[in-house]
Amino acid sequence: MKFKDYYEVIGVERTATQDEIKRAYRKLARKYHPDVSKEADAEARFKEVGEAYEVLKDPEKRAAYDRVGSQWKNGQDFEPPPNWNGGGPQFDAGEFGFGGGEHSDFFETLFGRRTQGAGGPRARTQAAGRDSHAQIEIDLEDAYRGAQRTISLRMPVMDAQGNVVAQERKLDVTIPKGVRAGQHLRLAGQGSPGFGGGPAGDLYLEIAFRPVPHFRVEGRDVYMELPLAPWEAALGATVTATTPDGPVQLTVPPGSRVGRKLRLKGRGIPGKQAGDLYAELSVVLPPAATDAAKAAYRTFEQAFDFDPRASLKGEPS
């Protein structure tokens, strides 16, 4: 069975209003009406257009179709979602006499067959809502301590007139301690609404960390840049470093080079197996902005027989 793109059949965008859909349908229905059209496939096209309109003119059918249709393209092999319950509501014949023949297997799979006889109750299609996905950014500190946050998301919904609109929703979210970048938080029942009384889908929030200067995260390990003065790197020092979990005292060994990593075991993102925190050493030179500072640099220069480019002066090959 092939998927039918009813929007393509009618010739409108997925965001089309009900009035736009109605105008497009009327134009095509007149064009392909078997009583007036001379085209060889007029009857088949007339039924195809009528079937598409039967779905898109009804806000409930359109909403259900959109939840399925966003995952498929016209002509692709199609199988209904596993949680789709057939049966289908009763439908009417349409403004231009459509409805005298069988509907496509695709239509009947989604919405059921025409109800036979008069006066019987309408069987309604029921389907669970589609799961929704979004990404949220949190502070690195939230992963260390956990947090309660209120987030705003814009999600597509169909209004009372059948137009697809973006609506802002505010949700209270619990950020668990130890959450990692890329992890998904599931909010049950906060996805797209169900159809015909079916349950709503779930909302999955992918976690990302807001960029923070001098920090990066790899899994549960956290890397931070630790700037040092030249004398701290050369002579060693005990310095205070600000981490996502608060200030810590770090001992810098004498003779530390730029790029050296000091490991704080278990001080990364918490978890059953907590990550580590790595302080990556860098050296920051004081500015020679005053006469006294310039004199200090000249004294420093005279105190050392040091050529920083000695390793570049090897014999040419």
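For the structure, see preceding data.
Predicted, not measured: the structure shown is a model, and the values here were computed from it. (Residues numbered from 1 in each chain as written. Predicted model: local features only at pLDDT ≥ 70, side-chain atom pairs only at ≥ 80, totals over all residues. Heavy atoms only, no water.)

Brief notes about the overall build of the chain
Helix and strand counts for the chain stand at eight helices and 13 strands. The long-range share in the chain, meaning contacts at least 24 apart out of those at least 6 apart in sequence, stands at 61%. When the accessible surface of the chain is split by element, carbon and sulfur atoms take 50% of a total near 19000 Å². (Helix = DSSP H or I, 4+ residues; strand = E, 2+ residues; numbered from the N terminus. Contact = heavy atoms within 4.5 Å. Areas by Shrake-Rupley, 256 points an atom, 1.4 Å probe, with all protein chains shown as cover.)

Points about the sheet that holds strand β9 (residues 221-228)
Read from one edge of the open sheet, four strands run β8-β9-β13-β12, paired in mixed fashion. Of all strands in the sheet, those bounded by a partner on one side alone are β8 (215-218) and β12 (261-264). Sheet twist, expressed as the average angle between the axes of neighbouring strands with direction ignored, equals 25°. As judged from the seven bridges shared by β9 and strand β13 (residues 277-283), these two strands associate in the parallel manner. Each residue of the ladder has a partner; that of L228, found in β13, is V283. (Pairing = 2+ DSSP bridges. Axes fitted to C-alpha atoms, helices over the stretch in contact; angles between N-to-C directions.)

Section: a nonpolar patch on the surface
On the surface, V258, V283, L285 and Y297 cluster together into a nonpolar patch covering about 360 Å² of accessible area. Counting through the fold element by element, L285 comes out in the loop between β13 and α8 (291-303). (Patch = residues over 30% accessible without salt bridge, like charges linked within 9 Å, V, L, I, M, F, W, Y side chains within 5 Å. Salt bridge = Lys/Arg side-chain N within 4 Å of Asp/Glu carboxyl O.)

With respect to the environment of T174
Here T174 shows up in strand β5 (residues 164-175). Taking the relative accessible area as the measure of exposure, T174 reaches 48% and is therefore partly exposed. Residues T174 and L185, spaced 11 residues apart in sequence, show a C-alpha to C-alpha distance of 9.1 Å. Discounting chain neighbours no more than four positions away, the residues touching T174 are A147, Q148 and L185. Among the polar contacts listed, one links the side chain of T174 to the side chain of Q148, at a separation of 2.9 Å. (Buried < 20%, exposed > 50% of the residue type's maximum accessible area, 1.4 Å probe, protein only. Polar contact = N/O pair within 3.5 Å; in protein donor to acceptor, adjacent residues only side chain to side chain.)

Examining the nonpolar core
In terms of nonpolar packing, the biggest core is built from 35 residues, with V173, I175, L185, L205, L226 and L250 touching the most fellow members. Grouped together as the second largest cluster of nonpolar side chains are 23 residues, Y7, F46, A52 and L56 included. (Core = buried A, V, L, I, M, F, W, Y, C linked by side-chain atoms within 4.5 Å.)

Some details on the environment of R220
Along the chain, the position of R220 falls in the loop between β8 and β9. In this structure, the C-alpha to C-alpha distance between R220 and G178, residues 42 residues apart in sequence, is 8.4 Å. Excluding its chain neighbours within four sequence positions, the residues that come into contact with R220 are G178, R180, G268, I269, P270, G271, Q273, G275 and D276. Here G178 takes part through its backbone oxygen, which lies 2.8 Å from a polar atom of the side chain of R220.

Any functional reading would require information that these geometric values do not contain.
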